[in-house]
Amino acid sequence: MAINIPGSAFHGISNLGSTAPEAGFYAVDIVTIEKSPTDKPGTRRFHAQFENGFKMFEFVSLAYDENGHPIQGLDDQQVRGRMAALQTILASLGYDKSDIDQASSINESWFISSMNNGRKAYVEFVPGQKGIQKSYHKIKSWVTKTQHDAMKTATANPKAVEAAPAVVAAPPVTTNGAPVPSAGVALPPPASAAQNIVS
């Protein structure tokens, strides 16, 4: 008996047991865009898949509905903010401003990797804290490939990070006659065994 499955059937399928990567910068595929009946109007779930097979989704708020009509009840500032967020994701996928401005319609095929010739998006990922209720995995930011590569180089080369100027503590501020300690204050160390000796 032979197995005959097209490779494209595996797109968007995670490996069993895939775990969240560590905090950092990653290339991801956007595998689906979902509209759930429980989500707010104009909200979509962008499902991203990491190279190790881990998948997660991030909420993205849109300014237009699926028919291309503005979502009712949004003010100008909300529309501009949602459009800027979406443009940031498009830039992360490698589209430039002229690609976006000249398009007659921007739809899911611009975002989903299997529909856009395999374009990768680049993200800063922060994992949720284990054991902390309501601590979720998060895409902290969508970045361009250039930003991604620069941050990967900086984190791989600690000397590049060390070259950043040191932060100097501000002098203590006095209020009501009592000095306020600087930001670097710590608790004293725990008592040592020698302090328990009675003479």
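Residues numbered from 1 in each chain as written. Predicted model: local features only at pLDDT ≥ 70, side-chain atom pairs only at ≥ 80, totals over all residues. Heavy atoms only, no water.

Now for the sheet that holds strand β5 (residues 138-143). A sheet is described by the order of its strands in space; here five strands give the open sequence β3-β2-β1-β4-β5, paired in antiparallel fashion. What marks the edges here is a single partner per strand, and that holds for β3 (55-61) and β5. Averaged over all pairs of adjacent strands, the angle between their axes in this sheet comes to 45°, without regard to strand direction. Here strand β1 (residues 24-34) pairs with strand β4 (residues 121-126) via five bridges, running antiparallel. Paired with Val 28 across the two strands is Ala 121, which belongs to β4. With respect to the sheet, helix α1 (residues 76-92) is in contact with β1, β2 (43-50), β3, β4 and β5, its orientation differing from that of β5 by roughly 75°. The strands that helix α3 (residues 145-156) touches are β1, β4 and β5; relative to β1, the one it contacts most, it runs at about 145°. (Pairing = 2+ DSSP bridges. Helix = DSSP H or I, 4+ residues; strand = E, 2+ residues; numbered from the N terminus. Axes fitted to C-alpha atoms, helices over the stretch in contact; angles between N-to-C directions. Contact = heavy atoms within 4.5 Å.)

The next point concerns the nonpolar core. Ile 30, Phe 46, Phe 50, Ile 89, Leu 93, Phe 111 and Trp 142 are the most contacted members of the largest nonpolar core, which totals 22 residues. Each residue touching Phe 111, except ones within four places of it in the same chain, is listed here: Ile 30, Ile 33, Phe 46, Leu 86, Ile 89, Leu 90, Leu 93, Ile 106 and Asn 116. (Core = buried A, V, L, I, M, F, W, Y, C linked by side-chain atoms within 4.5 Å. Buried < 20%, exposed > 50% of the residue type's maximum accessible area, 1.4 Å probe, protein only.)

A few words now on unusual backbone geometry. In this structure, Asn 117 takes a positive phi of about 65° despite not being glycine. Along the chain, Asn 117 falls in the loop between α2 (97-101) and β4. Residue Asn 117 is classed as exposed on the basis of its relative accessible area, which comes to 81%.

On to the environment of Glu 34, then. If you trace the backbone, Glu 34 turns up in strand β1. Relative accessible area serves as the criterion here: at 32%, Glu 34 is assigned to the partly exposed category. Considered as a pair, Glu 34 and Phe 57 are 23 residues apart in the sequence and their alpha carbons are 9.2 Å apart. Not counting residues within four places of it along the chain, the set of residues in contact with Glu 34 comprises Arg 44, Arg 45 and His 47.

This part takes up the side chain of His 47. Mapped onto the fold, His 47 is located in strand β2. One polar contact links His 47 to Glu 34, side chain to side chain, over a distance of 2.8 Å. Apart from the residues within four sequence positions on either side, His 47 is in contact with Asp 29, Ile 30, Val 31, Thr 32, Glu 34, Met 56 and Phe 57. (Polar contact = N/O pair within 3.5 Å; in protein donor to acceptor, adjacent residues only side chain to side chain.)

This brings us to a nonpolar patch on the surface. There is a patch of nonpolar side chains on the surface, built from Ile 3, Ile 5 and Phe 10 and spanning about 360 Å² of accessible area. Among the residues examined, Ile 3 registers a relative accessible area of 73% and is labelled exposed. (Patch = residues over 30% accessible without salt bridge, like charges linked within 9 Å, V, L, I, M, F, W, Y side chains within 5 Å. Areas by Shrake-Rupley, 256 points an atom, 1.4 Å probe, with all protein chains shown as cover. Salt bridge = Lys/Arg side-chain N within 4 Å of Asp/Glu carboxyl O.)

Another point: the pairing of β1. Of the strand pairs in this sheet, β1 and β2 are connected by six bridges, and their pairing is antiparallel. If you follow Ile 33 over to β2, its bridge partner there is Phe 46.

Volume-wise, the largest pocket comes out at about 770 Å³. Residue lining of the largest pocket: 26 residues in total, with Leu 62, Tyr 64, Leu 86, Ile 106 and Asn 107 positioned closest to the centre. Elements supplying a minimum of two residues to the lining of the largest pocket: β1, β2, α1 and α2. Per-element tally for the lining of the largest pocket: the top contributor is α1, with four residues. For the lining of the largest pocket, the class distribution of residues is twelve nonpolar, six polar and eight charged. Estimates place the volume of the second largest pocket at around 150 Å³. Along its surface, the second largest pocket is lined by Met 56, Phe 57, Glu 58, Phe 59, Tyr 136, His 137 and Lys 138. (1 Å grid on protein atoms, 1.4 Å probe; cavity = no way out; pocket = protein on both sides within 12 Å on 5 of 7 lines; lining within 4 Å. Points joined across faces, edges and corners; volume = space filled by probe spheres on them. Nonpolar A, V, L, I, M, F, W, Y, C, P; charged D, E, K, R; others polar.)

So, about the pairing of β4. Among the six residues in β4, five count as buried, and that is most of the element. Where β4 and β5 come together, five bridges link them in antiparallel fashion. If you follow Phe 125 over to β5, its bridge partner there is Ile 139.

Enumeration according to the criterion identifies eight aromatic pairs in this entry. With 5.4 Å between their ring centres and 80° between their planes, Phe 46 and Phe 111 make a pair best called edge-to-face. Linking Phe 46 in strand β2 with Phe 111 in the loop between α2 and β4, this pair joins segments that are 65 residues apart in sequence. Within the aromatic cluster, the residues linked to one another by ring pairs are Tyr 26, Phe 50, Phe 54 and Phe 125. If you follow Arg 119 out to its NZ or CZ, it ends over the ring of Tyr 95, 3.9 Å from the centre. (Phe/Tyr/Trp six-rings, centres within 6.5 Å; stacked < 30°, edge-to-face > 60°. Lys NZ or Arg CZ within 6 Å of the ring centre and 35° of its normal.)

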